Amino acid sequence: MIIQISAAVLTIAVVVLIVALVRTLKEARAALNKIGMLTDETRIQLNALSGEVKETIQGVNDVTYDIKTKMAELHSAFQTIGEIGRMAAGTTLTIRQTAASVSRTLRHKLDEQKETAAATQSSLAAWLLTAGKFVQRLNGFRRSKDSKRLTART
């Protein structure tokens with residue numbers, strides 16, 4: 001009988017183990033089903049996101065290409081502006097040098113004119129002085145002539 005009881009207990013234990021195993025497997029199956037659904041949802045979301053990511057990357061690539069193109073255009077524009085700046089600096093230097101030269105020439109001519117005016121003024125003053133003396137002599141000569149006539153009439 002011990003054998004029968006042991007066999008019965010063993011059978012019950014095996015049945016309990018099988019029931020527990022079946023329950024565990026059902027729970028595992030339910031968990032795997034949830035994981036499968038979650039994986040499917042994730043795959044769908046990833047597919048949707050990958051399309052958006054591709055569009056975003058394409059947009060970034062377009063913007064990058066546009067920026068590179070415009071930078072190349074700006075580079076040539078900046079080179080041109082730099083050349084214009086160098087030309088303007090050269091022109092400014094030439095203008096400054098010319099202005100300085102003209103200024104020196106004008107000062108020199110002005111100094112010459114002042115000297116000529118001073119010389120002319122002194123010559124004019126000397127001439128006027130001489131003319132004044134001549135007029136005085138002439139007047140003196142006329143007065144003496146008039147005096148002689150008056151003396152001769154009386």
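Just so it is clear, the model here is predicted, and its values are computed rather than measured.

Cut-offs and rules
Residues numbered from 1 in each chain as written. Predicted model: local features only at pLDDT ≥ 70, side-chain atom pairs only at ≥ 80, totals over all residues. Heavy atoms only, no water. Salt bridge = Lys/Arg side-chain N within 4 Å of Asp/Glu carboxyl O. Helix = DSSP H or I, 4+ residues; strand = E, 2+ residues; numbered from the N terminus. Buried < 20%, exposed > 50% of the residue type's maximum accessible area, 1.4 Å probe, protein only. Patch = residues over 30% accessible without salt bridge, like charges linked within 9 Å, V, L, I, M, F, W, Y side chains within 5 Å. Areas by Shrake-Rupley, 256 points an atom, 1.4 Å probe, with all protein chains shown as cover.

J.: Looking at this structure, how should I read the pattern of salt bridges?
T.: Any two side chains of opposite charge can pair if their charged atoms end up close together. For the structure shown, the criterion picks out 2 salt bridges. For Arg43, the salt bridge is made with Asp40, and the minimal N-O distance between the two is 3.3 Å. In this pair, Arg43 and Asp40 are both assigned in helix H1 (residues 2–153), 3 residues apart and thus about one turn of the helix distant. A salt bridge links Lys70 to Asp66; the shortest N-O distance between them is 3.2 Å. Of the two residues, Lys70 and Asp66 are both situated in helix H1; the distance of 4 residues between them amounts to about one turn of the helix. Here Asp66 falls in the partly exposed class, since its relative accessible area comes to 35%.

J.: When you look at a nonpolar patch on the surface in this model, what are you seeing that I'm missing?
T.: A grouping of Val63, Ile67, Met71, Leu74, Phe78 and Ile81 is seen on the molecular surface, where their side chains present a nonpolar patch of about 610 Å² in accessible area. Mapping Ile81 onto the fold places it in helix H1. Since its relative accessible area comes to 53%, Ile81 is described here as exposed.

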